[in-house]
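Tertiary structure, described
Next come the chains, spelled out residue by residue.
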Amino acid sequence: MQRLSIIIPALNEAENIQSTLERLQPLRSRGHEVILVDGGSTDDTVDMARPEVDRILNSDPGRARQMNVGASQARGDIFWFLHADTLIP
C-alpha cells in the first residue's frame, strides 16, 4: 500500500484547523500521516492541532517555504499539500 503524507502549511488558522483535521482522521487511522507546518502562529493553531496530527514542524512563514519543510520531513510515498481551511468530503 502506498502511504500518503498530508502536509498542511498553517499560520493563525485556529478558527479552521479542527474542522480540517477532523476529516483527515480516517486516513490517519489507516496509516497515512498528517504533518502540520506552522509558520509562527500567534493564536491557538498549534495547540488545537497537536492531538490530530502526527507531527508539527515549525518554519518561517510563507506557504512555499512551509510546504518544502513538510516535504523534507515527510515519510510517505505520495505528498498531498492541503490548505488549512480545506474541508475534504
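Rules used in this analysis
- The numbers attached to residues start from 1 for each chain and follow its sequence in the written order.
- This being a predicted model, a pLDDT of at least 70 is required before a residue's local features are given, and a value of 80 or more before pairs of side-chain atoms are given or counted; all residues contribute to the totals for chains, interfaces and linings.
- With hydrogens and water excluded, all non-hydrogen atoms of the structure serve as input to the side-chain values.
- Only protein chains enter the area calculation, which uses a 1.4 Å probe; residues under 20% of their type maximum are buried, those over 50% are exposed, and those in between are partly exposed.
- Helix and strand labels come from DSSP, where a helix needs a run of H or I of at least four residues and a strand needs a run of E of at least two; each type is numbered from the N terminus.
- The criterion for strand pairing is that DSSP finds at least two bridges linking the strands in question.
- A contact between two residues is defined here by any heavy atoms of the two lying within 4.5 Å.
- For this analysis, a polar contact is any N or O atom pair within 3.5 Å, provided that within protein one partner can donate a hydrogen and the other can accept it, and provided that sequence-adjacent residues contribute only side-chain to side-chain pairs.
- Any Lys or Arg side-chain nitrogen found within 4 Å of a carboxyl oxygen on Asp or Glu counts as a salt bridge.
- Planes of paired rings set the category: under 30 degrees apart is stacked, over 60 is edge-to-face and the rest tilted, where pairs are Phe, Tyr or Trp rings (Trp by its six-membered ring) whose centres lie within 6.5 Å.

Brief notes about the pairing of strand S3 (residues 55–58)
- A one-sided burial pattern is seen for S3, the buried positions being Arg55 and Leu57 and the unburied ones Ile56 and Asn58.
- Bridging between strand S2 (residues 33–38) and S3 involves four bridges; their strand directions are parallel. Among the inter-strand pairings, Val37 is bridged to a residue of S3, identified as Leu57.

Some points on the side chain of Ser59
- With respect to the helices and strands, Ser59 occurs in the loop between S3 and helix H4 (63–73).
- Looking at Ser59, the relative accessible area reads 13%, which means it is buried.
- With residues near it in sequence (within four places) discarded, Ser59 still touches Val37, Asp38, Gly39, Gly40, Arg65, Gln66 and Val69.

What to know about the side chain of Thr45
- Along the chain, Thr45 falls in helix H3 (residues 45–49).
- Take Thr45: its relative accessible area is 0%, and that puts it in the buried class.
- A distance of 3.0 Å separates a polar atom in the side chain of Thr45 from the backbone nitrogen of Ala14.
- Setting aside residues up to four positions removed in sequence, Thr45 forms contacts with Ala10, Asn12, Glu13, Ala14, Ile17, Leu36 and Asp38.

Quick word on the pattern of salt bridges
- Applying the stated rule across the entire model yields three salt bridges.
- For Asp54, the salt bridge is made with Arg28, and the minimal N-O distance between the two is 3.2 Å. Taken together, the residues Asp54 in the loop between H3 and S3 and Arg28 in helix H2 (residues 25–29) connect sequence positions 26 residues apart.
- Assessed through its relative accessible area of 22%, Arg28 is described here as partly exposed.
- The partner of Arg55 in a salt bridge is Glu33, with the nearest N and O atoms 3.0 Å apart. Taken together, the residues span a long stretch of sequence, with Arg55 in strand S3 and Glu33 in strand S2 at a distance of 22 residues.

Concerning the packing of aromatic side chains
- Applying the stated rule across the entire model yields one aromatic pair.
- An angle of 90 degrees between the planes, with centres 6.4 Å apart, marks the rings of Phe79 and Phe81 as edge-to-face.
- With relative accessibility at 33%, the residue Phe79 sits in the partly exposed group.
- On the basis of relative accessibility, which here comes to 34%, the residue Phe81 falls in the partly exposed class.

Considerations on the pairing of S2
- Most of S2 sits out of view: six of its six residues are buried.
- Side-chain alternation along S2 places Glu33, Ile35 and Val37 on one buried face and Val34, Leu36 and Asp38 on a second face that is also buried.
- Here six bridges tie strand S1 (residues 4–10) to S2, and the two strands are oriented parallel to one another. For Ile7, the partnering residue across the bridge sits in S2 and is Ile35.

Keep in mind these values describe shape, not function.
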